[in-house]
Amino acid sequence: MLEPLSVGSCRRAARRVSVAAAFVGLTIVAGPAAAQAPETAPEDLQVMTLEEVVQRALLVNPQMAQAEGSVRSAEATRLSARGSYLPTINASSNASRASTNRFNPQTNTTVTGSSNSYSAALNASLDVWNGGRRGAEINDAGAALEAARATAQQRRFDVVLSAKVAFYDVLRRAELMRVSEARIRRARESLAAAERRLQVGTATRSDVLRSQLELNDARQAELTERTNWTVATYALGRVVGVEDRVGAESGDAIAARALALSDEELRGLVLETSPAVVAAGANLRSARAGVGVARSQYFPTLRATSNLNWFNQEFAFDGGTSSWNMGLAVSLPVFNGFQRESAATRARVAADVAEFEVRDARRAARVDLERLLGSVRLAEERLELTAEAVEVAREDLRVQDERYRLGASTILDLITSQLNLAQAETDEIAARYDYQIARAELEALVGREL
């Protein structure tokens, strides 16, 4: 049975609690003001906005340069296909001087001489009809150009997506680093409070040790996040073509906003404007045009030719002789070792495969759309839930601070509340940037800004 406390012992205990409360209160009030958060970025770090990052990425990305080069090559191919309707003209000229030394038997001497000749020619030819090959080649070149443009558009949105991911990763790591710094500050406050209470006899050595352990864990987490942030800044520098670290300026880049189109509008739009679907359709038209090119080998070719020739033995434009001729030739490969049949078969196979690819691209676009719409909606819900969780965790930590100050809870309860707040803040940051990345992936799929 417990003995009743005397009045003097009660007063001494009250004074200890008052002193401990004063020390803890001083620590809690002065701690945030006195603690200086370490710098998250050096002053000389180059900082870019999201728009600047996207523009620089489009200029320096090698895959984007390759896609634009493919477009220029396709334009040159189409120009060459259209040029097949025009005649081919070649001009040539020749000048020669030949020795005409001969032996004169009457004088038994060698007579020295030479002969000169000058000539020029102009030749022209035109395929009057070649079994429809020219039209098929033009259709093929036009479809290939459309496919190259669609591929370049798809590559553009892929580059924009990768630039946004790198940009958001820098911001995410910077915010996680600040969360780690706040965790260190709270751990120091808890350690100071535990040491004050130990000095006045209202806490145990275990409270101090647990607080010290939490401070060590917080420092390790901060070092990890600082390393991740440094790596992210170098990765962003590579994206924008800078051989150094690049920081990110958030501005309004991470503000949540509603999509410009409804879900039904996006479902109809993705099958029409998705770069992957457009490119697959253009490849199908190109493959079908290739079938026409292969079939044209079964038809005869009608070619018209003309020549204009001039010859003179003197280096002068007057005089000399000239001649001209015109002709019309028909040719038909009767048998070429089944090369026509092989080419026609390959073309039909390519067209069949391209048709399956179009159908699969449409199905894949629909699946990706539903997946990304679900990701965006889920991220929107997580934004609200994680923000509410942060408020709850902050209030819980405030209550535990007060309870520990009054000796009504243990250091383990206080550390648990601190860890819960750090996790809630981490989850909120993850939800915010997961939303932005999901939105960027949706824009890359649809092929337009949303």
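Residues numbered from 1 in each chain as written. Predicted model: local features only at pLDDT ≥ 70, side-chain atom pairs only at ≥ 80, totals over all residues. Heavy atoms only, no water.

### Overview of the overall build of the protein chain
Convention followed: By definition, any uninterrupted DSSP run of H or I lasting at least four residues is a helix, any uninterrupted run of E lasting at least two residues is a strand, and each is numbered from the N terminus. Think of it in three bands: residues with accessible area under 20% of the maximum for their type are buried, residues over 50% are exposed, and the middle band is partly exposed, with areas taken using a 1.4 Å probe on protein chains only. Note on contacts: a residue pair is in contact if any heavy atoms of the two residues lie within 4.5 Å. Using a 1.4 Å probe, the Shrake-Rupley method yields the accessible areas, and only the shown protein chains count as cover for residues.
Regarding its fold elements, the protein chain presents nine helices and eight strands. Here the protein chain holds 450 residues, and the buried ones make up 36% of them. Taking the contacts inside the protein chain whose residues are at least 6 apart along the sequence as the reference set, 80% of them involve residues at least 24 apart. With the model as given, the accessible surface of the protein chain reaches about 26100 Å², and the carbon-plus-sulfur share is 54%.

### So, the nonpolar core
Generally speaking, nonpolar side chains in soluble globular proteins are found buried as a group. This is how it is decided: To qualify as a nonpolar core, a set must consist of buried Ala, Val, Leu, Ile, Met, Phe, Trp, Tyr and Cys residues joined through side-chain atoms within 4.5 Å.
Counting 32 residues, the largest nonpolar core has L259, L266, L369, L373, L442, L445 and L450 as the members making the most contacts within it. Looking at this core, the elements that each hand over two or more residues are α6 (263–273), α7 (275–295), α8 (339–405) and α9 (411–446). Residue contributions to this core peak at 14 residues, all from α8. Ignoring anything within four residues of it in the chain, the contact list for L442 reads L259, L266, L369, L372, L373, V376 and L450. Counting residues in hydrophobic clusters, the runner-up holds 31 residues, among them A57, A163, L171 and M177.

### A look at the packing of α6 against α7
Our working rule: Under this scheme, a helix contributes an axis fitted over its contacting stretch, all axes are lines through C-alpha atoms, and angles between N-to-C directions fall in the 0 to 180 degree range. When an angle is under 35 degrees it counts as roughly parallel; over 145 it counts as roughly antiparallel; between 65 and 115 it counts as roughly perpendicular; any other value is oblique. Gly is put with the polar residues, along with every residue not named as nonpolar or charged; the nonpolar set is Ala, Val, Leu, Ile, Met, Phe, Trp, Tyr, Cys and Pro, and the charged set is Asp, Glu, Lys and Arg.
Contact geometry of α6 with α7 gives a least axis separation of 6 Å together with a crossing angle of 40°. Between α6 and α7, the angle falls in the class oblique. For the pair α6 and α7, the contacting residues are V270, L271, E272 and T273 in the first and P275, V277 and V278 in the second. In terms of residue class, the contact of α6 with α7 is built from five nonpolar, one polar and one charged.

### As for the confidence of the model for the protein chain
The condition that has to hold: As a per-residue measure, pLDDT tells how confident the predictor is, with possible values from 0 to 100.
Looking at the protein chain, pLDDT values average 82 and 87% of them are 70 or higher. Mean pLDDT across the elements of the protein chain ranges from a minimum in helix α1 (residues 7–34), with 36, to a maximum in helix α5 (residues 205–239), with 92.

### Focus on the pattern of salt bridges
Worth spelling out the cut-off: Counted as salt bridges are all cases of a side-chain nitrogen of Lys or Arg within 4 Å of a carboxyl oxygen of Asp or Glu.
One pass over the structure, following the stated rule, counts 28 salt bridges. Two residues, R382 and D434, come together in a salt bridge whose shortest N-O distance is 3.2 Å. Here D434 lies in helix α9 and R382 lies in helix α8, a separation of 52 residues in the sequence. R382 gets classed as partly exposed once you look at its relative accessible area, which sits at 28%. Since its relative accessible area comes to 30%, D434 is described here as partly exposed. Through salt bridges with shared partners, a single network forms among R186, E391, R394 and E425.

### Side note on the packing of aromatic side chains
Filter applied, for reference: Put simply, two rings from Phe, Tyr or Trp (the six-membered ring, in Trp's case) pair if the centres are within 6.5 Å, and we call them stacked under 30 degrees between planes, edge-to-face over 60, tilted for the rest. Two thresholds decide whether a charge sits over a ring: the Lys NZ or Arg CZ must be within 6 Å of the ring centre and within 35 degrees of the ring normal.
Evaluated as defined, the whole model comprises four aromatic pairs. Centre to centre, the rings of W129 and F299 are 6.1 Å apart; their planes meet at 70°, and the pair counts as edge-to-face. Within this pair, whereas W129 is found in strand β5 (residues 114–129), its partner F299 is found in the loop between α7 and β7 (301–312), the two being separated by 170 residues in sequence. Exposure remark for W129: the relative accessible area of 42% places this residue in the partly exposed category. Between Y168 and Y433 the ring centres are 6.1 Å apart and the planes differ by 50°, which places this aromatic pair in the tilted class. Pair noted here: Y168 is in helix α4 (residues 133–200) and Y433 is in helix α9, with a separation of 265 residues, a long-range link. On the basis of relative accessibility, which here comes to 1%, the residue Y433 falls in the buried class. In textbook terms, an aromatic cluster arises when at least three aromatic residues are bridged by ring pairs, as seen for F167, Y168 and Y433. Note that R197 overlies the ring of Y404, its terminal NZ or CZ placed 4.4 Å from the centroid.

### Examining a nonpolar patch on the surface
As a reminder of what qualifies: Patch membership is restricted to residues that have no salt bridge and whose relative accessible area is over 30%. Joining uses 9 Å for like charges and 5 Å for the nonpolar side chains Val, Leu, Ile, Met, Phe, Trp and Tyr.
Residues I89, L122, L308, W324 and M326 make up a contiguous nonpolar surface patch of roughly 620 Å² in combined accessible area. Take M326: its relative accessible area is 67%, and that puts it in the exposed class.

### Thoughts on the environment of F317
Turning to its location among the elements, F317 is positioned in the loop between β7 and β8 (321–331). Separated by 199 residues in sequence, F317 and Y118 have C-alpha atoms that sit 9.7 Å apart.

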